[in-house]
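Observations on chain architecture
Spelled out, the chains give:
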Amino acid sequence: GGFTCDPRRSRVALGSSCALTTALSMSAGFGLASTMGIPLAPVSPLVCYTLLGVCVDDMIIITDAFDQAAHPRRTISQQLQHGMAFAGTAITVTSVTTFFAMLTGAVM
């Protein structure tokens, strides 16, 4: 559950690692675009907020799935396996719907 000093069971550590992954992904994306010579459009900073919103939603889904998969007889590895099996489906659905929403906005 909530706050614990055990780093293997901490929701705070799980959420923080997801946030770090998001920040590194955004940095890598902008760095790759810069390396390839793709100029930033005036709307580019807005994409960061949209991406951050999607990632926060995914962090909540992952943390909840990890909590729901908790069982006294499961190892941390098994707990992650069961949690990510559920979270993967939910994240895929939210990502696909976000993609189509952005595609619709780009076409309009």
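The coordinates are above.
Now for a quick tour of the structure. (Residues numbered from 1 in each chain as written. Predicted model: local features only at pLDDT ≥ 70, side-chain atom pairs only at ≥ 80, totals over all residues. Heavy atoms only, no water.)

With that settled, consider the nonpolar core. Leu-14, Cys-18, Met-59, Ile-61, Ile-62, Ala-65, Phe-66, Ala-87 and Ile-91 form the largest nonpolar core, which has 9 residues in total. Secondary structure elements with two or more residues in this core: helix H1 (11-35), helix H2 (44-68) and helix H3 (76-107). Those residues in contact with Ile-62 that lie beyond four places of it in its chain are Leu-14, Cys-18, Met-84, Ala-87 and Ile-91. (Core = buried A, V, L, I, M, F, W, Y, C linked by side-chain atoms within 4.5 Å. Buried < 20%, exposed > 50% of the residue type's maximum accessible area, 1.4 Å probe, protein only. Helix = DSSP H or I, 4+ residues; strand = E, 2+ residues; numbered from the N terminus. Contact = heavy atoms within 4.5 Å.)

The next thing to look at is the side chain of Asp-58. Summarising the element assignment, Asp-58 is placed in helix H2. Once residues lying within four places of it in the same chain are set aside, the contact partners of Asp-58 are Ile-91, Thr-94 and Ser-95.

With their axes 8 Å apart at the nearest point, H2 and H3 run at an angle of 155 degrees to one another. With respect to H3, the axis of H2 lies roughly antiparallel. Crossing angle aside, the handedness with which H2 passes H3 is right-handed. Judged by residue contacts, Thr-50, Val-54, Asp-57, Asp-58, Ile-61, Ile-62, Ala-65 and Phe-66 of H2 engage Gln-79, Leu-80, Gly-83, Met-84, Phe-86, Ala-87, Ala-90, Ile-91, Thr-94, Ser-95, Thr-98 and Met-102 from H3. Of the residues that constitute the contact of H2 with H3, the class distribution is 12 nonpolar, 6 polar and 2 charged. (Axes fitted to C-alpha atoms, helices over the stretch in contact; angles between N-to-C directions. Parallel < 35°, antiparallel > 145°, perpendicular 65-115°, else oblique. Left-handed = near helix turned anticlockwise from the far one by under 90°. Nonpolar A, V, L, I, M, F, W, Y, C, P; charged D, E, K, R; others polar.)

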